[in-house]
Amino acid sequence: MAERRSSFEFEDLLACGRGELFGPGNAQLPLPPMLMVDRISEISEAGGAHGKGLIVAELKVAGNERLDWLFACHFKGDPVMPGCLGLDALWQLTGFYLGWLGLTGQGRASGVGEVKFTREVTPDVKLLEYVIDIKRVIARKLKLAEADGVLKADGEVIYTAKDLRVLLKSSEGP
């Protein structure tokens, strides 16, 4: 079996969004403008706080034209990234991990235990970094990943999420 890649650039993430990276009907990232990641700098099956997997990814914010729509409408005169988009990025990456493992099906966020936001993402933030620590993967009929994640703005942890859950539903039938 070929060794899995340990990083992915923006064009790779777009290929994932088009269903080309893991194959038709399998885990996909959303396409822009909902894609909240520019690159995955590290992904491993044995790393992380729990030794069960790690994903490190980033999103350039300041000067990123792909985010102009977001800051223009939320909120006019008080631009801030909706917290739910940072949370969604953590789910996006957890689902990507399942596809990267070779598990099949369509990714869906299925829950989160606890979320805390301690600061906002504004247009002057230079870089967001996402760190996902996989806690558990179920790879039977039910295909699910459970993870903890943080979002860092310019190196400072500003969101924490515990017990993120993403499942892969069968791509066949309803």
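Only a predicted model underlies this, so the values are computations on that prediction, with no experimental measurement involved. (Residues numbered from 1 in each chain as written. Predicted model: local features only at pLDDT ≥ 70, side-chain atom pairs only at ≥ 80, totals over all residues. Heavy atoms only, no water.)

**Let's talk about the packing of aromatic side chains**
Counted only if it meets this: Planes of paired rings set the category: under 30 degrees apart is stacked, over 60 is edge-to-face and the rest tilted, where pairs are Phe, Tyr or Trp rings (Trp by its six-membered ring) whose centres lie within 6.5 Å. Numbering of helices and strands runs from the N terminus, with a helix taken as a DSSP run of H or I at least four residues long and a strand as a DSSP run of E at least two residues long. Here's how the labels work: a residue is buried when its accessible area is under 20% of the maximum for its type, exposed when over 50%, partly exposed in between, all with a 1.4 Å probe on protein chains only. Placement of a positive charge over a ring is assigned whenever Lys NZ or Arg CZ falls within 6 Å of the ring centre and within 35 degrees of the normal to the ring plane.
Following the criterion strictly, the structure yields four aromatic pairs and no others. Note on Tyr-97 and Trp-100: the rings are 5.6 Å apart at their centroids and 35° apart in plane angle, and the pair reads as tilted. With Tyr-97 and Trp-100 both in helix H3 (residues 83-100) and three residues apart, this pair spans about one turn of that helix. The exposure class assigned to Trp-100 is buried, which follows from its relative accessible area of 9%. Grouped by ring-pair contacts, the aromatic residues Phe-8, Phe-22 and Phe-96 constitute a single cluster. Of note, Arg-4 hangs over the ring of Trp-100, and the distance from its end group to the ring centre comes to 4.9 Å.

**A few points about the side chain of Arg-66**
Under the convention used in this document: Any pair of N or O atoms that falls within 3.5 Å is considered a polar contact. Within protein, one atom must be able to donate a hydrogen and the other to accept it, and sequence-neighbouring residues count only if both atoms are side-chain atoms. Should any heavy atoms of two residues lie within 4.5 Å, those residues are counted as being in contact.
In this structure, Arg-66 sits in the loop between strand E2 (54-60) and helix H2 (68-73). Here the side chain of Arg-66 touches Leu-35 through a polar contact of 3.3 Å, landing on its backbone oxygen. Polar side-chain contacts of Arg-66 include one of 2.5 Å to the side chain of Asp-38. If we skip the residues at most four places from it in the chain, Arg-66 touches Phe-10, Pro-32, Leu-35, Val-37, Asp-38 and Leu-59.

**A word on the environment of Phe-71**
As for its position among the elements, Phe-71 is in helix H2. Each C-alpha atom, one on Phe-71 and one on Asp-133, is 29 Å from the other, the two residues being 62 residues apart in sequence. The residues contacting Phe-71, other than those within four sequence positions of it, are Val-61, Pro-79, Val-80, Met-81, Val-121, Thr-122 and Pro-123.

**A few points about the nonpolar core**
Counted only if it meets this: We call a set of buried residues a nonpolar core when its members are Ala, Val, Leu, Ile, Met, Phe, Trp, Tyr or Cys and they connect through side-chain atoms within 4.5 Å of each other.
Of all hydrophobic cores here, the largest spans 48 residues; its most connected members are Ile-40, Phe-96, Val-121, Leu-128 and Tyr-130. Within the residue set of this core, elements represented by two or more residues are helix H1 (10-17), strand E1 (39-44), E2, H2, H3, strand E5 (127-139), strand E6 (143-153) and strand E7 (156-169). The element best represented in this core is H3, accounting for 10 residues.

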